[in-house]
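Below are the chains, spelled out letter by letter.
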Amino acid sequence: MKLSYLFIILLLSVSLFSSCVSDSRSTEDIISSLSESGISLPAGFDYYKTAPISSEGYISDAELGMLYYDSPEAPLELEATEDYHILISKAPKVFEIHIFKTIHSSDNDMIERMLTRRSDILTSPQINPSSSRFMCEVAKESAVFSNGNFVFLIAGDEISDIINAIEKIL
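On a predicted model such as this, the values are computed, not experimentally measured, just so you know.

> How would you summarise the packing of aromatic side chains if you had to cite specific residues and measurements?
Taken as a whole, this structure holds five aromatic pairs when the rule is applied. Chaining the aromatic ring pairs together yields one cluster made of Tyr68, Tyr84 and Phe100. Across the ring face of Phe45, the terminal group of Lys90 is positioned such that the distance to the ring centre comes to 5.2 Å.

This is the structure in structure tokens:
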């Protein structure tokens, strides 16, 4: 009887521990896996959390605030992230990939709300302040979703291949 209780406690401990272990992959690993799977990503601004301040890959917390909330204050959501990678195309056509890795998957909803705000900006016509005309390029498709501790925003013309590739990677 004691042995069965010990076995049950051991089994519960192992399952609890395995549910708390974070995915060891980084957001950079996912970007690399997309390229390796044949997905062609356009040249653009490539920002990541661990970039040195003086590098092209660096984006400040204030710039992230402007990107997501049009405010120079750092988004509070950054405190819940372990890693991020943002790719914004330089091409005239709108294309963006945002990948955030949360510390705890329970924080995914908070990151999804932030990325949904960016998605709304990318898919809505915006007024060009210098010409008072609508900017002609908006993302035709956009998706915000999560898988494990990763939260994604994919925006562009044809995003289904990228979403399918991400699902296969994870």
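> Can you lay out the pairing of strand E7 (residues 150-156) for me, pointing to particular residues and giving the numbers?
Within E7, seven of the seven residues are buried, which leaves it mostly tucked inside the rest of the structure. Alternating residues of E7 divide into Phe150, Phe152, Ile154 and Gly156 and Val151, Leu153 and Ala155, and every residue in both groups is buried. Bridge count between strand E3 (residues 96-102) and E7: six bridges; the pairing is antiparallel. Its bridge partner being in E7, Ile97 is matched across the sheet by Ile154. Here strand E6 (residues 141-147) pairs with E7 via seven bridges, running antiparallel. In the strand pairing of E7, Phe145 is matched with Phe152. Counting the residues that bridge the hairpin from E6 to E7 gives two residues, and of these Gly148 lies at a positive phi of roughly 65°.

Conventions used here
Residues numbered from 1 in each chain as written. Predicted model: local features only at pLDDT ≥ 70, side-chain atom pairs only at ≥ 80, totals over all residues. Heavy atoms only, no water. Phe/Tyr/Trp six-rings, centres within 6.5 Å; stacked < 30°, edge-to-face > 60°. Lys NZ or Arg CZ within 6 Å of the ring centre and 35° of its normal. Buried < 20%, exposed > 50% of the residue type's maximum accessible area, 1.4 Å probe, protein only. Helix = DSSP H or I, 4+ residues; strand = E, 2+ residues; numbered from the N terminus. Pairing = 2+ DSSP bridges.

In short, geometric facts, not functional conclusions.
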